[in-house]
Amino acid sequence: MPIDEDVTGAEIDKEVRQELMSLPKTLAEDVAKNLVMVARLLDDDPQAAYGYAKVALRLASRVPSVREATGFAAYAVEKYAEALAEFRAARRMTGLQHLWPVMADCERGMGRPEKALAMAGEPEVQKLDKAGQVEMRLVAAGARRDMGQAEAAVVTLQSPELASNAQQPWTARLRYAYADALLEVGREDEAREWFAKALEADQSGVTDASDRLAELDGVEFIDALDPEAEEDGTPSGDDGGAQSSRGGAADAGE
């Protein structure tokens, strides 16, 4: 697969570079370049990222970072069984526990929420850092919802981290998950409050909290360039294309 011209392989983290030192220099460079492409494309083109990960895996299957990157690429394209196998391999190689939450989420993806929930109670969780423990809580709440236990999902997300006013990288996602869980059990006013709190913490746009707020407020977004948008004869107004529609849901997507 073609490598972008500006990719040198030097962009990888120091820890990954150290792992690749066990390989011949030319091979290490090739693997590094493919790993950079995985990281570059994972969010916007996960299928392409998966392709580069498979190349890296073919070149260096005994490198933990390669197994981990392949796991995340497989996870991104919903190949959960493959992702879980790669995460397990990386964990065996390193002895580290940081992949435990995403391994549990793979179990959810494979239709085994009970297994994911069981993993949330294993000793490995205590070895996670704070971010990892929050991630595990999110997975456990998702597993509860998968099992039809919506009220239990709400309780699962109630934690000191949720109550804290401190802004952490995971704050927006935790607040968003709590708002979504509240909405599922019919606590709409509280859900709106927590979607607003999620939006406040979401500086990088990792959630669609603004869209969810608009939906709860009955705001419908209309594309001003869409000729079909005003077929009903209702003008869009001068507010940038948003109009109040208390009787309908937002057409903002997620």
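Our structure's up above, just so we're on the same page.
The notes below deal with the structure included here.

Scoring rules and cut-offs
- Residues numbered from 1 in each chain as written.
- Predicted model: local features only at pLDDT ≥ 70, side-chain atom pairs only at ≥ 80, totals over all residues.
- Heavy atoms only, no water.
- Helix = DSSP H or I, 4+ residues; strand = E, 2+ residues; numbered from the N terminus.
- Buried < 20%, exposed > 50% of the residue type's maximum accessible area, 1.4 Å probe, protein only.
- Contact = heavy atoms within 4.5 Å.
- Areas by Shrake-Rupley, 256 points an atom, 1.4 Å probe, with all protein chains shown as cover.
- Expected span 1.5 Å × (residues − 1).
- Polar contact = N/O pair within 3.5 Å; in protein donor to acceptor, adjacent residues only side chain to side chain.
- Salt bridge = Lys/Arg side-chain N within 4 Å of Asp/Glu carboxyl O.
- Core = buried A, V, L, I, M, F, W, Y, C linked by side-chain atoms within 4.5 Å.
- Axes fitted to C-alpha atoms, helices over the stretch in contact; angles between N-to-C directions.
- Parallel < 35°, antiparallel > 145°, perpendicular 65-115°, else oblique.
- Left-handed = near helix turned anticlockwise from the far one by under 90°.
- Nonpolar A, V, L, I, M, F, W, Y, C, P; charged D, E, K, R; others polar.

## Description of the overall build of the protein chain
When helices and strands are tallied, the protein chain shows 13 helices and two strands. The proportion of buried residues among the 254 residues of the protein chain is 41%. Here the contacts in the protein chain between residues at least 6 apart in sequence split such that 53% fall between residues at least 24 apart. In the structure as shown, the protein chain presents an accessible area of about 14000 Å², 47% of it carried by carbon and sulfur atoms.

## Focus on helix H8 (residues 130-146)
Between its first and last C-alpha, H8 extends 24 Å over 17 residues, near the 24 Å set by a 1.5 Å rise per residue. Residues Gly 132, Val 134, Met 136, Leu 138, Val 139, Ala 140, Ala 141, Gly 142 and Ala 143 constitute the buried set of H8. On its buried side, H8 packs onto helix H6 (100-109), helix H7 (113-119), helix H9 (150-157), helix H10 (160-163) and helix H11 (171-184). Looking one or two residues beyond H8, the residue adopting positive phi is Gly 148, at roughly 80 degrees.

## Re the side chain of Gln 97
Relative to the helices and strands, Gln 97 is located in the loop between helix H5 (80-94) and H6. Exposure remark for Gln 97: the relative accessible area of 14% places this residue in the buried category. Those residues in contact with Gln 97, other than ones at most four positions away along the chain, are Arg 91, Glu 124, Lys 127 and Leu 128.

## Re the side chain of Asp 105
One can find Asp 105 in helix H6. Judged by its relative accessible area of 14%, Asp 105 falls in the buried class. Within the local environment of Asp 105, its side chain forms a polar contact with the side chain of Arg 108, the two groups lying 3.1 Å apart.

## Remarks on the pattern of salt bridges
For side chains bearing opposite charge, pairing can occur when the charged atoms are close. With the rule as written, the count across this model stands at 18 salt bridges. Two residues, Glu 161 and Lys 130, come together in a salt bridge whose shortest N-O distance is 2.8 Å. With Glu 161 in helix H10 and Lys 130 in helix H8, this residue pair connects regions lying 31 residues apart in the sequence. Judged by its relative accessible area of 15%, Glu 161 falls in the buried class.

## Observations regarding unusual backbone geometry
One non-glycine residue, Glu 78, adopts positive backbone phi at about 65 degrees. Note on placement: Glu 78 falls in the loop between helix H4 (64-76) and H5.

## Here's the deal with the environment of Val 63
Looking at the secondary structure, you find Val 63 in the loop between helix H3 (46-59) and H4. On the accessibility criterion, Val 63 (3% relative accessible area) is buried. Along the sequence, Val 63 and Glu 19 sit 44 residues apart, while their C-alpha atoms lie 6.5 Å from each other. Among residues more than four places away in sequence, those in contact with Val 63 are Glu 19, Leu 20, Leu 23 and Met 93.

## A look at the nonpolar core
Counting residues in each nonpolar core, the largest one holds 44 residues, and the members touching the most others are Leu 20, Val 31, Leu 35 and Val 66. Secondary-structure elements contributing two or more residues to this core are helix H1 (14-20), helix H2 (25-41), H3, H4, H5, H6, H7 and H8. Residues in contact with Leu 20, not counting those within four places in the same chain, are Ile 12, Ala 28, Val 31, Ala 32 and Val 63. Of all hydrophobic cores here, the second largest spans 21 residues; its members include Ala 153, Leu 174, Trp 194 and Ala 198.

## As for the packing of H4 against H5
Running from N to C, H4 and H5 cross one another at 160 degrees; their axes reach a closest spacing of 8 Å. One way to sum up the angle between H4 and H5 is to call them roughly antiparallel. In the packing of H4 onto H5, the handedness of the crossing is left-handed. Contacts between H4 and H5 involve Pro 64, Arg 67, Glu 68, Thr 70, Gly 71, Phe 72, Ala 74 and Tyr 75 from the former and Tyr 80, Glu 82, Ala 83, Glu 86, Phe 87, Ala 89, Ala 90, Met 93 and Thr 94 from the latter. Grouping the constituent residues of the contact of H4 with H5 by class yields 10 nonpolar, three polar and four charged.

## As for the packing of H9 against H11
Close contact between H9 and H11 brings their axes to 9 Å; oriented N to C, the two are set at 155 degrees. The orientation of H9 with respect to H11, classified from their angle, is roughly antiparallel. In the crossing of H9 with H11, the sense of the turn from one axis to the other is left-handed. For the pair H9 and H11, contact is made by Ala 150, Val 154 and Leu 157 and by Leu 174, Ala 177, Tyr 178, Ala 181, Leu 182 and Glu 184, respectively. Looking at the contact of H9 with H11 residue by residue, the class counts come to eight nonpolar, no polar and one charged.

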